[in-house]
Amino acid sequence: MLMSMLFNAGACPCCLAFMPAGPTASRFVADAPGATADRAAARPHVYMPRSGRVRLFGGTIVNPGDGSLTEGMSILLDGGRIVSIDSTEKPGPSAQSIDISGKFVVPGYNDMHNHALNLEDPSGSLALMLVEGVTGFRQMSGTPARLQERRDRTLPVGKDAPALLELPGSVLFPINAGSGEAVVNEIRAQKQQGADFIKVAVVNPAEFHTAMAEAARVGLPILGHVQRGVDVAEATRAGFRSVEHLGPGDVLWIKCSTAEPALQAEAAARPPLKLPPMKIPFLRRFIMRQFAKLLINPAAFASPVDVDRLRRAQDSFSEQKCQAMAEGFVTDGSWHVPTLVRLRQQELADSPEHQNDPYVKYMPAANIKLWRGVTAKFKKLPAAMRATYAEAYPKQLQMTGLLAAAGVRMMTGSDGGSMMAPGLTLQQEFVELAKAGLSPLKILQMTTINAAEYLHRTDTMGTVTPGNNADLVLLDANPLDDVANFSRIAGVVRAGFYYSRQDLDALKGRVAAGHGYLQ
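Residues numbered from 1 in each chain as written. Predicted model: local features only at pLDDT ≥ 70, side-chain atom pairs only at ≥ 80, totals over all residues. Heavy atoms only, no water.

> Outline the pattern of salt bridges, listing residues and values.
Counted under the stated rule, the structure contains 26 salt bridges. The residue R309 makes a salt bridge to D306 at a minimum N-O spacing of 2.7 Å. Taken together, the residues span about one helical turn, with R309 and D306 both in helix α10 (residues 304-315) at a distance of three residues. D415 serves as the salt-bridge partner of R342, at 3.6 Å between the closest nitrogen and oxygen. One end of the pair, R342, is in helix α12 (residues 340-347); the other, D415, is in the loop between β13 (409-410) and α16 (426-435), with 73 residues separating them in the sequence. (Salt bridge = Lys/Arg side-chain N within 4 Å of Asp/Glu carboxyl O. Helix = DSSP H or I, 4+ residues; strand = E, 2+ residues; numbered from the N terminus.)

> Tell me about the nonpolar core, and please be specific about residues and values.
Grouped together as the largest cluster of nonpolar side chains are 87 residues, with contacts concentrated most on Y109, F240, M325, M399 and L403. The next biggest cluster of nonpolar side chains, apart from the first, holds 17 residues, and it includes I296, A299, V307 and M363. (Core = buried A, V, L, I, M, F, W, Y, C linked by side-chain atoms within 4.5 Å. Buried < 20%, exposed > 50% of the residue type's maximum accessible area, 1.4 Å probe, protein only.)

> Quick one: what's the story with the sheet that holds strand β11 (residues 240-244), residue by residue and with numbers?
The parallel open sheet is built from five strands, whose spatial order is β9-β10-β11-β12-β13. Each edge of the open sheet is held by one strand with a lone partner, namely β9 (198-200) and β13. The pairing of β9 with strand β10 (residues 222-224) spans three bridges and is parallel. Note that in β10 the partner of I198 across the bridge is I222. Lying on the sheet, helix α5 (residues 205-218) is in contact with β9, β10 and β11; it crosses β10 at an angle near 135°. (Pairing = 2+ DSSP bridges. Contact = heavy atoms within 4.5 Å. Axes fitted to C-alpha atoms, helices over the stretch in contact; angles between N-to-C directions.)

> So what's going on with the packing of helix α11 (residues 319-332) against helix α15 (residues 383-405)? Residues and values would help.
The N-to-C vectors of α11 and α15 enclose an angle of 50°; their axes lie 9 Å apart at closest approach. The orientation of α11 with respect to α15, classified from their angle, is oblique. Crossing angle aside, the handedness with which α11 passes α15 is right-handed. Taking contact as the criterion, the partners of E319, C322, Q323, M325, A326 and F329 in α11 are, on α15, M399, L402 and L403. In terms of residue class, the contact of α11 with α15 is built from seven nonpolar, one polar and one charged. (Parallel < 35°, antiparallel > 145°, perpendicular 65-115°, else oblique. Left-handed = near helix turned anticlockwise from the far one by under 90°. Nonpolar A, V, L, I, M, F, W, Y, C, P; charged D, E, K, R; others polar.)

Written out as structure tokens, the structure reads:
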């Protein structure tokens, strides 16, 4: 009953805290509203060592801004920065010299929707992200304890990991945002705790608008899920900064429907979601255990009523209305992170490709068992519901392509991707974006220069430029020719430290041996 309530309210549980039952429980952090576990005192300080001088010579630099190529360049790195770029043919003295002739150099990839830090030990997932070229990530769920760890420099993000780009506090949820007063108090607390932004997961429409106003008042960006019953265009015009998962749910589809007034009224008419306060100890533990299942695939717990409304919204799709919506997004400057790989895994969970996922070997056995159990539940959904999902995903690809073509500002994010296992998933997102019709250059921009623009850090990241962070991906083939070349990684540079293909393969092997955790 609880999981049905959450899904019907528009919950995307990836943003919620979870505490799996069974032997893996100690591996996870209860990143829920109200979580108070104090782990910072038990963690040692984490220092990122300073890299030495490294010269990469003979490579071709790819400019993600315009797609131009500059061949035969020598890149000098020192102290985690790009010191200089020139056409020197021979490596200079006093530097580790690496011949990258025939390789293509792009800025490091950025996963702008990830939950790796939900894990008590995120080392394996972070290492796998680095292996696939991710040098920076935006964590989309947090806690007061995680924010404290960042202040104390005890966050478990070490050398073999991408950089943490942003971190929120607790996601907004009826437990901590069940009234206007609670919303205001929570946002003010997160401002004091040092949150980078306010993340909305599931709240009622009235509290959603209160959160928008209070976030603006305290000067924090607000982003995440646009709630059912809320007009997405009104939300982004009012300052909702980043829309995740194409909504989620049906909010974008209702805006693009010829039946918009009736569907919007129906969505807004759902009863307010209310949950008891987390002050009841056993209740919090119970909710966390339920989230463990909901997290794997919320579609398995969907309400037939909501799935039917999604079907009706998509069946009454108007390209003209969708173009108008997209133009509004361009005008208001909002950002969008589709996380197609996550939507695909949810809606096509009974597809054979998900039954034989190559990343199973990186997951703990207990998590695999949990995932397979939820997948079995999805397979038991009524045929009409599964048919709606099967038809929905190609339409979501179409929606993504339309938004991109209209010039909507977009970024890449995996949301844990396949089987909700952060790590080797952003490469899958690149493939899905290509299926949506986006060019390799557009996808490269989404994961590099767009992320830098979103973060207001174009002076330190997003391009291969002197003075920028030494976060690079070396590719065996031109990424602008084919998105498949994004995964042909010859090496990665993170904060000036060079990882060869052999180094990256060794990291993967260590994670596999530890079943999801670096050993």
